[in-house]
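Residues per chain, in single letters:
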Number of protein chains: 2
Amino acid sequence: MPDMAVPRVVIVGGGFGGLNAARALRRAPLRVTLIDRRNHHLFQPLLYQVATAALNPSDIATPIRRILRRQENTEVVLAEVMGIDVPGKRVLLRDGVLPYDFLVIATGATHAYFGHDEWAEHAPGLKTIEDAIEIRRRVLLSYEAAEREPDAARREEWLTFVVVGGGPTGVELAGALVEIARHVLARDFRRIDPRTARVVLVEAGPRILPAYAPELSEKATARLRRMGCEVLLGTPVTQVGAGGVTAGERRIGSRCVIWAAGVAPSPIARSLGVPLDRVGRVKVDPDLSVPGAPEVFVIGDLAAVNDPQGRPIPGLAQPAIQGGRHAARQILRTLRGEPREPFRYRDKGTLATIGRNAAVAEIGRLKTEGFFAWLLWLLVHIFMLIGFRNRVLVLAEWAWTYLRYERGARLITGEVHELLAGTEAPRSGSRERSAAESGRG
Amino acid sequence: MPDMAVPRVVIVGGGFGGLNAARALRRAPLRVTLIDRRNHHLFQPLLYQVATAALNPSDIATPIRRILRRQENTEVVLAEVMGIDVPGKRVLLRDGVLPYDFLVIATGATHAYFGHDEWAEHAPGLKTIEDAIEIRRRVLLSYEAAEREPDAARREEWLTFVVVGGGPTGVELAGALVEIARHVLARDFRRIDPRTARVVLVEAGPRILPAYAPELSEKATARLRRMGCEVLLGTPVTQVGAGGVTAGERRIGSRCVIWAAGVAPSPIARSLGVPLDRVGRVKVDPDLSVPGAPEVFVIGDLAAVNDPQGRPIPGLAQPAIQGGRHAARQILRTLRGEPREPFRYRDKGTLATIGRNAAVAEIGRLKTEGFFAWLLWLLVHIFMLIGFRNRVLVLAEWAWTYLRYERGARLITGEVHELLAGTEAPRSGSRERSAAESGRG
């Protein structure tokens, strides 16, 4: 039986924040419970590579249980958290309750459609492995449907890919989609030429990569356009449907729209009963604890935190990692009777890829774009991956992708006829016309 | 426009048979169309390794389009075939028709539950990538549920894995499940000891691996038992439900039953309007064509063919590969005005793994079991894999699995709470009892 006198730390969420909080407590005289509704930690910075068939799901997903298996004071529970009972110091699960002495909430963010939840069906976002597999499926099926579509206008819709949102995920997705069209699939079809596919990146603000220096945004825009990607700036999307999007004044016909525009904090924040900021993040105290509940910490994307210059900290891996470690340190200080410290975010720099041989990097005063930034991006991401196995396999997949212009994970799973049913019947069709030639007989 | 005077060969199915038929026609003056309802060719002999988390889906699945992309006379169509109109020489698709001059049917087999289709829900079979992912999910979730289950008897049910059917797939699955329990997961849990898990292989006939020599069946049985697998022989399964199976006289409580017992030919056979054998395979002429329709060939698992000794040819990769090449050759002979040849199956031997360092092999008169057979199994399967990339990655994954007793693809996708909801509420539960300690609060 576990010793009930030992304080219990519950961590909700096995992302960068939660996992680093747990690891930082590995030698502490505590009972640590990490709860997640998935069995795996996901390396989100490379999720777009699963969505674009360059990597396998398991290359970037590792069982949380495996990562923490040598950590004797920690158990991992697969469960869904419905809310927090702050006065009762209990986590409310879908099928139970879990008492805590200290709580670290690291449940991150999900997609936000700015009040248009009906857009979700037509424009999936990219937060989970399942999302990535669904996007990969839609992208690959669009080419299959185009190959079968006899009507030129409709074929063009199948061959138009719209990415909404010019943050790092949108830029990386758009770059990868252009490469798939121009190189990977170039010779695989008989009736269509994938190189004629359109990839459109739509950004509502005045520039892509708004968290970066303006000159890097410009360079990234120029690079994307040189690659063959259309970049629309200052163009808010006002409508999303089965047939495409309305972006600014124009209508873009597309059967494959991907949402990379907005994220919203996990709804668990509301159950805390404390003030939230405009987008729904918890207004934490300087030590990342919840006002009035010093035993509860909120870290990562769910916490509204500013950097020393008063600018909000972006929703990236580094702030979550540092937040997790900070929360763990404050728990240990509290147990030793020491005062809390304020959280200070150390910006280690940001990186985003645009495509083969191209990335942007901003590290302190260094701002660079091109091959060097791309190499840096590769090294940093290989280094950050959890597990030797993943590093080796991801390097092997990247080498393959690089050398052969080939993407190894071009797998469509699930029943295909439902999505293909979207192919329209030709206006005139003789019964003898073949399906392969006409889409429908 | 394609030249309509060129004869059109339609191949239905992109498995071993269909793919080899298409490849054998690569230089022929024909229009070849390969239809499959999936975008990928699946290397089925290694599918059980996806189900047991050793390999990734895309390690053994390659886009058919990619395999055939240099073959100028061939197009690949993603479509679902509903039947064949033999007199009209047309393939009936879900959404169209496709005329042919020659047809090769290579749609293979699916699971059969001996008239008990209601068992499918509780005992998934293993034929597709989706099946493998579902089985992987059930196996991994069983351990998660056991970790949360307070009731000892129910916990034991979660930790009992039943494999129905002692053919190669059943034997390979059972061996891999034992390894997962004894080695891979051994240290990952806090409340259960995965090494106490039971793996039961149930075979209705008098011996496992009935297609092999009796002494190899005996050796395989002994090896499985030494590893810790229960092997029940002469034990037909008479009932399958949510709580387990009835095998012979006994009831085995289990929450994870896998079906490897029976296969049935694809239902497309019935649409041909020709005599089928007892299990539903097409009684083909000696040249593998359909009686009365010499332009239609049936190959692989769907064809009822005997070897020169009059014994039925087993449903393995080799007969399908040889059948595909044979059908292609007969089409070319017919076009040249040459007479048809009868199909002669050349038995190149059979192999099956039992677990780490152990396999059985029967090649001509050579019958062997143990490390040498295992090494042979490894080499043959690496050699047969399509694509350099897959060979490298599968070798890397196997090396990892071998050296570290680790399985890299331990990913549970989809919503987990539905399956976990199967965890029963404890008989007595105080509200303060934690979910992690009690399964339900």
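Given the structure is predicted, the values throughout are model-derived calculations rather than measurements.

Caption draft 1: Structural context of the overall build of chain A. Counting its regular elements, chain A contains 12 helices and 23 strands. Dimensions of chain A, computed from C-alpha atoms along their principal axes, come out at roughly 80 × 50 × 45 Å. Within chain A, contacts between residues separated by at least 24 positions form 64% of all contacts whose residues are at least 6 apart in sequence. Accessible surface, chain A: about 17600 Å² in total, of which carbon and sulfur atoms supply 53%. The distance from the centre of the 60 positive side-chain charges to the centre of the 48 negative ones in chain A is 4 Å.

Caption draft 2: View of helix α9 (residues 371-384) of chain A. All names here are of chain A. The end-to-end C-alpha separation of α9 is 20 Å, in line with the 20 Å expected for 14 residues at 1.5 Å each. Among the residues of α9, those classed as buried are A373, W374, W377, L378, H381 and I382. For α9, the buried positions fall inside an angular range of 165° around the axis, keeping them on one side. Opposite its buried face, α9 presents the exposed residues L379 and F383, each directed more than 90 degrees away. Where α9 is buried, its residues meet α2 (47-51), α6 (168-184), β21 (350-355), β22 (358-363), β23 (366-370) and α10 (388-404).

Caption draft 3: Local environment of unusual backbone geometry. One non-glycine residue, K89 of chain B, adopts positive backbone phi at about 50°. By the secondary structure assignment, K89 of chain B is in the loop between β6 (81-85) and β7 (90-93).

Caption draft 4: Highlighting the packing of aromatic side chains. Residues and elements named next belong to chain A. Summed over all chains, the structure comprises 18 aromatic pairs over all chains. Through successive ring pairs, a cluster of aromatic residues spans Y113, F114, W119 and W259. Here the basic side chain of R356 rests over the ring of Y402, its NZ or CZ set 4.1 Å away from the ring centre.

Caption draft 5: Broad picture of the environment of W398 of chain B. Residue and element names in this part refer to chain B. Residue position: W398 is located in helix α10 (residues 388-404). With a relative accessible area of 9%, W398 lands in the buried category. Distance from W398 to E179, taken between C-alpha atoms, is 14 Å for residues 219 residues apart in sequence. Among residues more than four places away in sequence, those in contact with W398 are L46, Q49, L55, W377, L378, H381 and I382.

Caption draft 6: The arrangement of the sheet that holds strand β5 (residues 74-78) of chain A in detail. Residues and elements named next belong to chain A. Strand order in the open sheet formed by six strands is β5-β2-β1-β9-β20-β19, and the pairing between neighbours is mixed. Two strands close off the open sheet at either side, each with one partner strand: β5 and β19 (289-290). Here five bridges tie strand β2 (residues 31-36) to β5, and the two strands are oriented parallel to one another. Bridge assignment links V32 to a residue of β5, and that residue is T74. Packed on one face of the sheet, helix α8 (residues 317-335) meets β1 (8-12), β9 (102-105) and β20 (293-298) and runs near 170° to β9.

Caption draft 7: Representation of the pattern of salt bridges in the model. Enumeration according to the criterion identifies 58 salt bridges over all chains in this entry. One salt bridge connects R65 of chain B with E144 of chain A, and the closest N-O pair in it is separated by 2.5 Å. Of this pair, R65 of chain B sits in helix α3 (residues 64-67) while E144 of chain A sits in helix α4 (residues 129-148), each in a different chain. Like R65 of chain B, the residue E144 of chain A is buried in the burial classification.

Caption draft 8: Local environment of the nonpolar core. In terms of nonpolar packing, the biggest core is built from 68 residues, with I60 and Y143 of chain B touching the most fellow members. It is helix α6 (residues 168-184) of chain B that contributes the most residues to this core, nine residues altogether. Once residues lying within four places of it in the same chain are set aside, the contact partners of Y143 of chain B are L159, F161, I180, A181, L185, F189, I192, P194 and A197 of chain B. One finds I135, V171, V199 and I382 of chain A within the second-largest nonpolar core, a separate group that totals 67 residues.

Caption draft 9: Quick peek at the sheet that holds β6 of chain B. Residue and element names in this part refer to chain B. Across the sheet, which stays open at both edges, the three strands sit in the order β6-β7-β8 with antiparallel pairing between neighbours. Because the sheet does not close on itself, it has two edges, and the strands there are β6 and β8 (96-99). The average angle at which neighbouring strand axes cross in this sheet is 25°, direction not considered. Pairing analysis gives four bridges linking β7 to β8, with the strands arranged antiparallel. Opposite V91, over in β8, you have L98 as the bridge partner.

Caption draft 10: Focus on the confidence of the model for chain A. For chain A, per-residue confidence averages 89 on the pLDDT scale, and residues scoring 70 or more make up 93% of the total. This prediction of the complex comes with two scores: 0.89 for pTM and 0.85 for ipTM.

Caption draft 11: Seen up close, empty space enclosed by the protein. Counting across every chain of the model gives eight cavities of 30 Å³ or more. There is about 130 Å³ of room inside the largest cavity. Listed by contribution, the elements that provide at least two residues to the lining of the largest cavity are α4 of chain A together with α3 and β5 (74-78) of chain B. Residues that form the lining of the largest cavity fall into these classes: 10 nonpolar, one polar and five charged.

Caption draft 12: Highlighting the side chain of R136 of chain A. Residue and element names in this part refer to chain A. Inspection of the secondary structure puts R136 in helix α4. For the buried residue R136, which engages in no salt bridge, the nearest side chain bearing the opposite charge is D59, 8.8 Å off. Reaching out from R136, the side chain makes a polar contact with the backbone oxygen of A409 at a distance of 3.3 Å. Setting aside its immediate chain neighbours within four residues, R136 contacts V50, A51, A53, P57, A409 and L411.

Caption draft 13: The environment of L141 of chain A, seen in detail. Counting through the fold element by element, L141 of chain A comes out in helix α4. In the structure, L141 of chain A is positioned 271 residues away from I412 of chain A in sequence and 7.6 Å away in space, judged by C-alpha atoms.

Caption draft 14: Representation of the packing of helix α1 (residues 16-24) of chain A against α8 of chain A within the structure. Residues and elements named next belong to chain A. Put simply, α1 and α8 touch, their axes get as near as 7 Å, and they point 35° apart. In this structure, the crossing between α1 and α8 has a hand that is right-handed. Residues F16, G17, N20, A21 and A24 of α1 lie in contact with α8, whose contacting residues are A317, A320, I321, G324, R325, A328 and L332.

Caption draft 15: Broad picture of α10 of chain B. The terminal C-alpha atoms of α10 of chain B lie 24 Å apart, and with 17 residues this matches the ideal 24 Å at 1.5 Å per residue to within 8%. Residues of α10 of chain B that are buried sit in contact with α3 (64-67) and α10 of chain A together with α2 (47-51), β4 (61-63) and α9 (371-384) of chain B. Remark: Y405 of chain B follows α10 of chain B within two positions and exhibits a positive phi of approximately 50°.

Caption draft 16: Seen up close, a positive patch on the surface. A contiguous patch of positive charge, built from R23, R26, R27, R325, R346 and K348 of chain A, is present on the exposed surface. Mapping R325 of chain A onto the fold places it in helix α8.

Caption draft 17: The arrangement of the pairing of β2 of chain A in detail. Residue and element names in this part refer to chain A. In terms of residue burial, β2 counts as a mostly covered element, since six of its six residues are buried. Side chains of β2 alternate between two faces, with R31, T33 and I35 and V32, L34 and D36 buried alike. The sheet contact formed by β1 and β2 spans five bridges and is parallel. Bridging across to β2, V9 finds its partner in V32.

Conventions used here
Chains are numbered independently. Their residues run from 1 in the order of the written sequence. To label them, take the chains in the order written and letter them from A, then take the ligands in the order written and number them from 1. Totals for whole chains, interfaces and linings use every residue, but because this is a predicted model, local features are given only for residues with pLDDT of at least 70 and side-chain atom pairs only at 80 or more, for both listing and counting. Values reported for side chains reflect all heavy atoms of the structure, with hydrogen atoms and water molecules removed beforehand. For the purposes of this entry, the term helix denotes a DSSP run of H or I that reaches at least four residues, the term strand denotes a run of E that reaches at least two, and both are numbered from the N terminus. Throughout, a contact is declared for two residues whenever any of their heavy atoms are within 4.5 Å. Using the Shrake-Rupley algorithm and a 1.4 Å probe, accessible areas are obtained, with residue cover drawn only from the displayed protein chains. Positive charges come from Lys and Arg alone, negative charges from Asp and Glu alone, with His and the N- and C-terminal ends not counted. For charged residues, the charge sits on one atom: NZ in Lys, CZ in Arg, CG in Asp, CD in Glu. Multiplying 1.5 Å by the helix residue count minus one yields the expected span of that helix. Burial status follows relative accessibility: with a 1.4 Å probe on protein chains alone, a residue under 20% of its type maximum counts as buried, one over 50% as exposed, and anything between as partly exposed. Each C-beta atom gives one direction from the helix axis, and the arc is the one those directions make. Within 6.5 Å between ring centres, the rings of Phe, Tyr and Trp (the latter by its six-membered ring) count as paired, and their orientation is classed by plane angle as stacked under 30 degrees, edge-to-face over 60, tilted in between. Each ring is checked for a lysine NZ or an arginine CZ that lies within 6 Å of its centre and within 35 degrees of its normal; such an atom marks a charge sitting over the ring. Note: two strands are recorded as paired if DSSP finds a minimum of 2 bridges between them. Whenever a helix is involved, its axis is fitted only over the stretch in contact; in every case the axis is a line through C-alpha atoms, and angles between N-to-C directions fall within 0 to 180 degrees. A carboxyl oxygen of Asp or Glu within 4 Å of a side-chain nitrogen of Lys or Arg is what we treat as a salt bridge. What makes a nonpolar core is a set of buried Ala, Val, Leu, Ile, Met, Phe, Trp, Tyr and Cys residues whose side-chain atoms join them at distances within 4.5 Å. Confidence of the predictor at the level of single residues is captured by pLDDT, which takes values from 0 to 100. Buried and open spaces are told apart on a 1 Å grid over the protein atoms alone, a cavity being a set of points where a 1.4 Å probe fits but cannot get out and a pocket being an open set with protein on both sides within 12 Å along at least five of seven lines. Residues with an atom within 4 Å of a point are the lining residues. Grid points are joined across faces, edges and corners, and a volume is the space filled by probe spheres set on the points. Under the scheme applied, nonpolar residues are Ala, Val, Leu, Ile, Met, Phe, Trp, Tyr, Cys and Pro; charged residues are Asp, Glu, Lys and Arg; polar residues are all the others, including Gly. Throughout this description, a polar contact denotes any pair of N or O atoms lying within 3.5 Å of each other; where both atoms belong to protein, one of them has to be capable of donating a hydrogen while the other can accept it, and for residues adjacent in sequence the pair is counted only when both atoms sit in side chains. With the far helix as reference, a near helix turned anticlockwise by less than a right angle produces a left-handed crossing, and one turned clockwise produces a right-handed crossing. To count toward a patch, a residue needs a relative accessible area above 30% and no salt bridge. Like charges then connect within 9 Å, nonpolar side chains (Val, Leu, Ile, Met, Phe, Trp, Tyr) within 5 Å.

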